[in-house]
Amino acid sequence: MYKEMITEGIYSKCLSPELDNRFNHLWCLVGNTPMLELQYSYKGKVGSIYVKCENYNLTGSIKDRMALYVLYKAYMNCQISPEDVIIEATSGNTGISFSAIGKALGHQVKIIMPNWLSKERIDIIKSMGADIQLISKEEGGFLGSIQLSEKLAANGGVFLPRQFENKFNAEAHELTTGREIVAQLANIGLVPDAFVAGVGTGGTVMGVGKHLKDINPFVKIHPLEPQESPTLTTGYKVGAHRIQGISDEFIPAIVKLDELDEVLCASDGDSIIMAQKLAKQLGLAVGISSGANVIGAIKLKEQLGDAAVVVTLLCDDNKKYLSTDLVKEQPIKEGYISSDVDFTGFTPIARLEKPFFGSGK
């Protein structure tokens, strides 16, 4: 049971039996996602990588794992009450996750986000009854969104998840995503040699990385960023890019670059074309960051050799990007990985029979 794992048997007076039951039900809809072995040819050479299909989560993104775990830990630690408003600054997927899960738990939710993100993100958040406030570049953009959330919380009656600095963000992925990757690969006799993921908050790459290193100290853990906006490698915001959800103007506190391997990059145009190919050639309707992750994984596979077990994530579905360049034809540029890739099929790796969290999945 998930309660035993994340509380070590400690019962919280702040978590009522009714809410505890709701959390248990929500874990039936979050995590334990399928994994695929993606087969492809790259420059005429056959290869394969492994991907976790995070579009199978409740709202269609990996952020559901973090949102549900953060709220559970907040109740266990008596940092939130049922009357509190959940307020979060986000680039979209996290806002959708907190809107859905917060509402399922009976909370009012307010999402603050930059005004240049996709219309679908805004509409989905509104459809769940959450309040939304959009912040322009002139008003501070992403950093302005975070500052406003802190200001509103000062009045009391508010819970701030603070996803960019909350240690339970990374812990959620250590205890769920990372463990699932190891267990699913173990079922087919494999151990991961490398993992790559785009960095938004950094919770995924840090949390998954920690568990994978516990299993294999020699595993390579690579963060990924947009080529057009290399914030991780420069240390500050530079350029602009179209891979929504990663590289949000600053390096989050969660990210410890000295604990990670080389930062990989992917062009936004290349990422869009790769996501389009995943949909057109395999029927995997995923977002732009998924295309970027696959680019990073194929690069790693080329570096590490044919026998390497390289893992990445299909972070979310394509429904949040239907008004963006994801559905538009992109010019092919020199150096694009996607130009030389054709997907030939995939082999499913079953979900776990006994999930790490929740019951009845």
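Rules of the game
Residues numbered from 1 in each chain as written. Predicted model: local features only at pLDDT ≥ 70, side-chain atom pairs only at ≥ 80, totals over all residues. Heavy atoms only, no water. Pairing = 2+ DSSP bridges. Helix = DSSP H or I, 4+ residues; strand = E, 2+ residues; numbered from the N terminus. Axes fitted to C-alpha atoms, helices over the stretch in contact; angles between N-to-C directions. Contact = heavy atoms within 4.5 Å. Expected span 1.5 Å × (residues − 1). Buried < 20%, exposed > 50% of the residue type's maximum accessible area, 1.4 Å probe, protein only. Core = buried A, V, L, I, M, F, W, Y, C linked by side-chain atoms within 4.5 Å. pLDDT = per-residue confidence, 0-100. Right-handed = clockwise from strand over helix to strand, strands pointing away. 1 Å grid on protein atoms, 1.4 Å probe; cavity = no way out; pocket = protein on both sides within 12 Å on 5 of 7 lines; lining within 4 Å. Points joined across faces, edges and corners; volume = space filled by probe spheres on them. Nonpolar A, V, L, I, M, F, W, Y, C, P; charged D, E, K, R; others polar. Disulfide = S-S within 2.5 Å. Polar contact = N/O pair within 3.5 Å; in protein donor to acceptor, adjacent residues only side chain to side chain.

Here we look at the sheet that holds strand β11 (residues 341–349)
Consideration 1: Taken in spatial order, the seven strands line up as β9-β8-β7-β10-β2-β1-β11 in an open sheet, and their pairing is mixed. The outermost strands of the open sheet, each flanked by one partner alone, are β9 (264–266) and β11. For this sheet, the mean inter-axis angle between neighbouring strands, taken without regard to orientation, is 30°.
Consideration 2: Where strand β2 (residues 45–53) lies against strand β10 (residues 310–314), four bridges are found, and the strand directions are parallel. Note on β10: the bridge partner recorded for C53 is L314.
Consideration 3: The strands that helix α7 (residues 167–186) touches are β1 (35–42), β2, β7 (194–198), β10 and β11; relative to β2, the one it contacts most, it runs at about 135°.
Consideration 4: In the packing of helix α11 (residues 288–304) onto the sheet, the strands contacted are β1, β2, β7, β8 (220–226), β9, β10 and β11, and the crossing angle to β10 comes to about 175°.

Some remarks on the sheet that holds strand β6 (residues 158–159)
Consideration 1: Ordered in space as β5-β4-β3-β6, the four strands form an open sheet in which the pairing is parallel. At either end of the open sheet lies a strand with only one pairing partner, and these are β5 (131–135) and β6.
Consideration 2: With two bridges connecting them, strand β3 (residues 85–89) and β6 associate as parallel partners. From the neighbouring strand, V85 faces β6, where its bridge partner is V158.

What to know about α11
Consideration 1: Compared with an ideal rise of 1.5 Å per residue, which puts 17 residues at 24 Å, α11 spans 25 Å between its outermost C-alpha atoms and is within 8% of the ideal.
Consideration 2: Here α11 lies mainly inside the structure; 13 of its 17 residues are buried.
Consideration 3: Immediately beyond the C-terminal end of α11, within one or two residues, lies G305, with a positive phi of roughly 105°.

Brief notes about unusual backbone geometry
Backbone phi values are negative for most residues with the exception of glycine, while trans is the configuration of most peptide bonds.
Consideration 1: Of note in this structure, N32 is not a glycine but carries a positive phi near 50°.
Consideration 2: Among the secondary structure elements, N32 is positioned in the loop between α2 (17–27) and β1.
Consideration 3: Backbone geometry at C78 places phi at a positive 55°, although glycine is not the residue there.
Consideration 4: Along the chain, C78 falls in the loop between α3 (63–76) and β3.

So, the nonpolar core
Consideration 1: With 36 residues, the main nonpolar core has L38, I49, L278, I298 and F343 as its most contacted residues.
Consideration 2: Contributions of two or more residues to this core are made by β1, β2, β7, β9, α10 (268–282), α11, β10 and β11.
Consideration 3: Top element by residues in this core is α11. It accounts for seven residues.
Consideration 4: Excluding residues within four positions of it along the chain, L38 makes contact with G47, S48, I49, V51, L278, L282, L284, F343, G345 and F346.
Consideration 5: Counting residues in hydrophobic clusters, the runner-up holds 35 residues, among them A74, I111, A130 and L175.

Looking at the confidence of the model for the protein chain
Consideration 1: Model confidence for the protein chain is summarised by a mean pLDDT of 93, while 96% of its residues fall at 70 or above.
Consideration 2: Ignoring residues within four places in sequence, the model shows residues 1–9, a span with pLDDT below 50, making 28 contacts including any to other chains.

Section: the pairing of β5
Consideration 1: Here five bridges tie strand β4 (residues 108–114) to β5, and the two strands are oriented parallel to one another. Looking at the pairing, I112 lines up with Q133 of β5.
Consideration 2: Between the parallel pair β4 and β5, the chain is carried across by helix α5 (residues 119–127), and the sense of this crossover is right-handed.

Details of empty space enclosed by the protein
Consideration 1: By the definition in use, this model includes three cavities of 30 Å³ or more.
Consideration 2: Size it by volume and the largest cavity reaches roughly 270 Å³.
Consideration 3: The wall of the largest cavity is formed by 27 residues, among which I62, K63, G200, G245 and I246 lie closest to the centre.
Consideration 4: Among the elements that line the lining of the largest cavity, the one with the most residues is helix α8 (residues 203–215), at three residues.
Consideration 5: Classifying every residue of the lining of the largest cavity by side-chain character gives nine nonpolar, 15 polar and three charged.

Considerations on the state of the cysteines
Consideration 1: Inspection of every chain in the model, using the stated rule, returns one disulfide.
Consideration 2: Covalently, C14 is tied to C78 through a disulfide, its sulfur atoms 1.9 Å apart. On the S-S bond that ties C14 to C78, the torsion sits near 105°, and the link is right-handed. Here C14 is found in the loop between α1 (2–7) and α2, whereas its partner C78 is found in the loop between α3 and β3, with 64 residues between them in sequence.
Consideration 3: A relative accessible area of 25% means that C14 is categorised as partly exposed.
Consideration 4: Here C28 stays unpaired: no disulfide links it, and the sulfur of C53, its closest cysteine neighbor, is 20 Å away.
Consideration 5: A relative accessible area of 29% places C28 in the partly exposed class.
Consideration 6: With no disulfide partner, C265 has as its closest neighbouring cysteine sulfur the one in C315, 17 Å distant.

Some details on the side chain of S149
Consideration 1: For S149, the position within the fold is in helix α6 (residues 141–153).
Consideration 2: Using a relative accessible area of 4% as the deciding quantity, one classes S149 as buried.
Consideration 3: Looking at S149, its side chain comes within polar contact range of the main-chain oxygen of I146, at 2.6 Å.
Consideration 4: When sequence neighbours within four positions are dropped, the list of residues in contact with S149 reads I87, A89, I112 and L160.

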